[in-house]
Amino acid sequence: KQEVTQIPAALSVPEGENLVLNCSFTDSAIYNLQWFRQDPGKGLTSLLLIQSSQREQTSGRLNASLDKSSGRSTLYIAASQPGDSATYLCAATNTGGFKTIFGAGTRLFVKA
Amino acid sequence: SQTIHQWPATLVQPVGSPLSLECTVEGTSNPNLYWYRQAAGRGLQLLFYSVGIGQISSEVPQNLSASRPQDRQFILSSKKLLLSDSGFYLCAWDRGGAGNEQYFGPGTRLTVT
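Let me sum up the structure you'll find in this document. (Residues numbered from 1 in each chain as written. Chains lettered and ligands numbered in written order. Predicted model: local features only at pLDDT ≥ 70, side-chain atom pairs only at ≥ 80, totals over all residues. Heavy atoms only, no water.)

As a further point, take the nonpolar core. Ranked by size, the top nonpolar core spans 23 residues in total, and within it Leu-33, Trp-35, Leu-75, Ile-77, Tyr-88 and Leu-108 of chain A carry the most contacts. Looking at this core, the elements with two or more residues in it are strand 3 (19–25), strand 4 (30–38), strand 5 (44–51), strand 7 (62–67), strand 8 (72–77), strand 9 (86–94) and strand 11 (106–111) of chain A. What Tyr-88 of chain A contacts, discounting residues up to four positions off in sequence, is Gln-6, Leu-21, Phe-36, Arg-37, Leu-47, Leu-75, Ile-77, Gly-105, Thr-106 and Leu-108 of chain A. With 20 residues, the next largest nonpolar core counts Ile-4, Leu-11, Ala-66 and Cys-91 of chain B among its residues. (Core = buried A, V, L, I, M, F, W, Y, C linked by side-chain atoms within 4.5 Å. Buried < 20%, exposed > 50% of the residue type's maximum accessible area, 1.4 Å probe, protein only. Helix = DSSP H or I, 4+ residues; strand = E, 2+ residues; numbered from the N terminus. Contact = heavy atoms within 4.5 Å.)

Following this line, the structure appears as structure tokens:
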């Protein structure tokens, strides 16, 4: 049974700092791994999706990596801004392609 | 462009009452559709997914059911709500097939009193 863990649960950093959010999963037989952002009381916004055959994806100041063999993914945020404050969720989809397991999220606060 | 709608945005219902939450997707055909629940302080839990009209897969045995009467319509229902059904319900879609990027709706906040 797939389990997804995110560390840390919460993070507070000053504006401008580069930071890394961690995600680990127990079953390496995944179809893909996706990172989302969730603002309080809102739905999820897709940030990056990494297919199982890929090692990383980049979008603007965001870079996500995937290491299937170790069961880990990281989300790197460069030059953080107060607008980056949100909860970041990672999610692993199984090899069937439909069952997605989410981590509990990392709550990020970027101080101005 | 594609858009996903959910309604209502918030709902307060007494224990034992019925429930119907609706989700519709615009701008795409034959999407996969998903219902998730996010309980307070917990991660998202997949409840149901559908790969086509009338095709529903249930992931968690519980008090809820789902239906897909039209290609881009997904409904979450209950005949009698429990207190434990309270939570934030999110609908999502992807473009069909397996393992594609999922896009989420704005969610419905359900409080069972």
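Text resumes after the structure shown.
The next thing to look at is the pairing of strand 4 (residues 32–38) of chain B. Residue and element names in this part refer to chain B. Along strand 4, seven of the seven residues are buried, which leaves the element largely enclosed by surrounding structure. Going residue by residue along strand 4, you find Asn-32, Tyr-34, Tyr-36 and Gln-38 tucked away on one face and Leu-33, Trp-35 and Arg-37 tucked away on the opposite face as well. Both strand 4 and strand 9 (residues 87–94) contribute to a ladder of seven bridges, which runs antiparallel. Bridge assignment links Gln-38 to a residue of strand 9, and that residue is Phe-88. Sheet analysis places strand 4 next to strand 5 (residues 44–52), joined by six bridges and oriented antiparallel. Within the sheet, the bridge partner assigned to Tyr-34 lies in strand 5 and is Tyr-49. In this antiparallel pair of consecutive strands, strand 4 and strand 5, the connection spans five residues, and Gly-41 shows a positive phi of 75 degrees. (Pairing = 2+ DSSP bridges.)

Residues and elements named next belong to chain B. A sheet is described by the order of its strands in space; here four strands give the open sequence 1-3-8-7, paired in antiparallel fashion. The sheet is open, and its two borders are formed by strand 1 (3–7) and strand 7 (65–70), each paired with just one other strand. For this sheet the average axis-to-axis angle between neighbouring strands, irrespective of direction, equals 20 degrees. Where strand 3 (residues 19–26) meets strand 8 (residues 73–78), six bridges bridge the pair, whose relative direction is antiparallel. (Axes fitted to C-alpha atoms, helices over the stretch in contact; angles between N-to-C directions.)

This part is about the layout of surface pockets. By volume, the largest pocket is sized at about 600 Å³. Lining the largest pocket we find 21 residues, and of these Ile-101 and Phe-102 of chain A together with Leu-44, Gln-45 and Leu-46 of chain B sit closest to its centre. For the lining of the largest pocket, the secondary-structure elements that each account for two or more residues are strand 10 (100–102) of chain A together with strand 5 of chain B. Residues of the lining of the largest pocket, tallied by class, amount to eight nonpolar, six polar and seven charged. Surrounding the second largest pocket, 22 residues form its lining, Gln-38, Thr-87 and Arg-107 of chain A together with Gln-38 and Gly-41 of chain B being those nearest its centre. Contributions of two or more residues to the lining of the second largest pocket are made by strand 9 and strand 11 of chain A. Residues belonging to the lining of the second largest pocket are distributed by class as follows: nine nonpolar, eight polar and five charged. (1 Å grid on protein atoms, 1.4 Å probe; cavity = no way out; pocket = protein on both sides within 12 Å on 5 of 7 lines; lining within 4 Å. Points joined across faces, edges and corners; volume = space filled by probe spheres on them. Nonpolar A, V, L, I, M, F, W, Y, C, P; charged D, E, K, R; others polar.)

Looking now at the pairing of strand 11 of chain A. One face of the sheet, then the other: side chains in a regular strand alternate in exactly this way. Residues and elements named next belong to chain A. Residues Thr-106, Leu-108 and Val-110 of strand 11 are buried on one face, while the alternating residues Arg-107, Phe-109 and Lys-111, pointing to the opposite face, are not. As paired elements, strand 2 (residues 10–14) and strand 11 share five bridges and run parallel to each other. Within the sheet, the bridge partner assigned to Ser-12 lies in strand 11 and is Phe-109. In terms of strand pairing, strand 9 meets strand 11 through three bridges, oriented antiparallel. Across the sheet, residue Thr-87 finds its bridge partner in strand 11, namely Arg-107.

Contacts between chain B and chain A engage 22 residues on the former and 21 residues on the latter. Our enumeration of links across chain B and chain A arrives at one salt bridge. With a closest N to O distance of 3.7 Å, Lys-99 of chain A and Glu-59 of chain B form a salt bridge. Mapped onto the side of chain B that touches chain A, the elements with two or more residues apiece are strand 4, strand 5 and strand 9 of chain B. Classifying every residue of the side of chain B that touches chain A gives 11 nonpolar, eight polar and three charged. (Salt bridge = Lys/Arg side-chain N within 4 Å of Asp/Glu carboxyl O.)

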